[in-house]
Amino acid sequence: MAAAAAAGGVGGGGGGSAALGDSGAIDYSVHEAWNEATNVYLLVVLASLALLVYARRNKRRIMRIFTLPPAAETPPEPNFYDSMKKIRLRQQLEMYSIARKYEQQQQQPPKQTESVQLSVE
């Protein structure tokens, strides 16, 4: 009977087929997991190759992304010095205008200042 059960098990029709079915299920799950892992690795390799091709074609665009922050940080120093120059120029213009007003007041005849004083009183 053992030989018949073994023969039945090998043939797939006896009571021993349940044990082989369980091991077959284990083998199938390992096979399925291997296929899923292979698919994941294949996707990773394909994505890496696609990124490599994209990087080679758009190297300048990618380098511009990485070189942008230092370029954005450097302009504040010239802007600071430019603003200091503008402030100094504004101060010089104010002093010049004050000096011109003072010179105009000194060049005016005294009669005009008296008439202005009379009109104020």
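Everything numeric here is computed off the predicted structure, so don't read it as measured data.

### A look at the overall build of the chain
Tallying secondary structure elements over the chain gives five helices and zero strands in all. For the chain, the sequential pattern of α-helices and β-strands runs α-α-α-α-α. When burial is assessed residue by residue, the chain has 2% of its 121 residues classed as buried. As displayed, the chain has an accessible area near 11,200 Å², and 64% of this comes from carbon and sulfur atoms.

### Some words on the confidence of the model for the chain
Interpretation of this model should avoid reading the predicted coordinates in detail wherever pLDDT is low. In the predicted model, the chain carries a mean pLDDT of 74, and 59% of its residues have values of at least 70. Across the chain, the element-wise mean pLDDT spans from 46 in helix α1 (residues 2-11) up to 87 in helix α4 (residues 76-107). Within the model, pLDDT remains below 50 along residues 1-20, and this stretch shows seven contacts once partners closer than five positions in the same chain are excluded.

### Quick word on a nonpolar patch on the surface
A cluster of nonpolar side chains, namely L42, V45, L46, L49 and L52, defines an oily patch on the protein surface of about 450 Å² accessible area. Looking at the element boundaries, L46 is found in helix α2 (residues 17-57).

### Thoughts on the pattern of salt bridges
For the coordinates displayed, the defined rule picks out one salt bridge. Note that R100 and E103 form a salt bridge whose closest N and O atoms lie 3.3 Å from each other. Of the two residues, R100 and E103 both sit in helix α4, three residues apart, roughly one turn of that helix.

How each quantity is defined
- Residues numbered from 1 in each chain as written.
- Predicted model: local features only at pLDDT ≥ 70, side-chain atom pairs only at ≥ 80, totals over all residues.
- Heavy atoms only, no water.
- Helix = DSSP H or I, 4+ residues; strand = E, 2+ residues; numbered from the N terminus.
- Buried < 20%, exposed > 50% of the residue type's maximum accessible area, 1.4 Å probe, protein only.
- Areas by Shrake-Rupley, 256 points an atom, 1.4 Å probe, with all protein chains shown as cover.
- pLDDT = per-residue confidence, 0-100.
- Contact = heavy atoms within 4.5 Å.
- Patch = residues over 30% accessible without salt bridge, like charges linked within 9 Å, V, L, I, M, F, W, Y side chains within 5 Å.
- Salt bridge = Lys/Arg side-chain N within 4 Å of Asp/Glu carboxyl O.

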